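Okay, here's what each chain looks like letter by letter:
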Amino acid sequence: MTNELSAVDQYINHAPANRQEILRTVRQKILAVLPQATEKISYQMPTYHYHENVVHFAYAKNHLGFYPTPDAIQHFAHELAPYKTSKGAVQFPFDQPIPYQLIQDITAWRLSMIAAAHNENYA
């Protein structure tokens, strides 16, 4: 085992101190659903890849950006209604509780769609 920091560790460590715990928690929630995913930096943000990019997240000044693809945004439109969304992104304001369970649910849904496309069963 190495003591070297991963690129995602470095990303989180370079975030503002008051955002780091949120980012660590988001990472933990995603990895709980995607233990088989490759964790990397893509598009300058933490990315989780399993056959394809599953989800990304990033911090901005006032919000956490979560990028689960347009299909996921459409599928979870009702749950995401309180948040600002665009075609493939959602903004979770830092001045509100971060919906970690929703992040996990969306990530799990993305995994199920990818697994189905590859004839795998991760129900």
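Use the structure listed above.
Below or above, wherever it landed, is the structure these notes cover. Along each chain, residue indices are assigned from 1 in the same order as the chain's sequence is written. In keeping with the predicted nature of the model, local features appear solely for residues at pLDDT of at least 70, side-chain atom pairs appear and are counted solely at 80 or more, and the whole-chain, interface and lining totals rest on all residues. Values reported for side chains reflect all heavy atoms of the structure, with hydrogen atoms and water molecules removed beforehand.

Further remarks concern the overall build of the chain. Here a strand is any run of E in DSSP of at least two residues, a helix any run of H or I of at least four, and the numbering for each starts at the N terminus. Looking only at helices and strands, one finds five helices and six strands in the chain. Walking the chain from its N terminus toward its C terminus, one meets helices and strands in the order α-α-β-β-β-β-α-α-β-β-α. Using C-alpha atoms as the atom set, the radius of gyration is obtained and then compared with a globule rule of 2.2 Å times the number of residues to the power 0.38. Relative to the compact-globule value of 14 Å for 123 residues, the chain shows a C-alpha radius of gyration of 14 Å, a close match. Taken along its principal axes, the extent of the C-alpha atoms in the chain is 40 × 40 × 20 Å. A buried classification covers 43% of the 123 residues belonging to the chain. Throughout, a residue-residue contact means that at least one pair of heavy atoms, one from each residue, lies within 4.5 Å. Contacts spanning at least 24 positions in sequence make up 50% of the contacts within the chain whose residues lie at least 6 apart. Whether a residue is buried, partly exposed or exposed follows from its accessible area with a 1.4 Å probe, protein chains only, as a fraction of its type maximum: under 20%, in between, or over 50%, in that order.

Turning our attention to the sheet that holds strand S5 (residues 84–85). Pairing within the open sheet is antiparallel, and its six strands lie in the order S1-S2-S3-S4-S6-S5. Each edge of the sheet is formed by a strand with only one pairing partner; in this case those strands are strand S1 (38–42) and S5. Against the sheet, helix H5 (residues 100–117) makes contact with strand S2 (45–50), strand S3 (52–59), strand S4 (63–67) and strand S6 (90–93), and its axis sits at roughly 160° relative to S3, the strand it touches most. For two strands to count as paired, DSSP must find a minimum of two bridges between them. For helices, the axis comes from a line fit to the C-alpha atoms of the stretch in contact; other axes are also lines fit to C-alpha atoms, and the angle between any two N-to-C directions lies between 0 and 180 degrees.

Right, let's get into the packing of aromatic side chains. Working definition: a ring pair exists when centres of Phe, Tyr or Trp rings (six-membered ring for Trp) sit within 6.5 Å. Plane angles under 30 degrees give stacked, over 60 give edge-to-face, the rest tilted. A complete count under the given rule lists five aromatic pairs for this structure. With a centroid separation of 6.4 Å and 35° between ring planes, the pair formed by Phe 66 and Phe 92 is classed as tilted. On the criterion of sequence distance, the pair formed by Phe 66 in strand S4 and Phe 92 in strand S6 is long-range, its members being 26 residues apart. Classification of Phe 66 by relative accessible area gives buried; the value is 0%. Judged by its relative accessible area of 0%, Phe 92 is buried. With centroids separated by 4.8 Å and ring planes inclined at 80°, the aromatic side chains of Tyr 83 and Phe 92 adopt a geometry described as edge-to-face. An aromatic cluster is defined as three or more aromatic residues linked by ring pairs; in this entry it consists of Phe 66, Tyr 83 and Phe 92.

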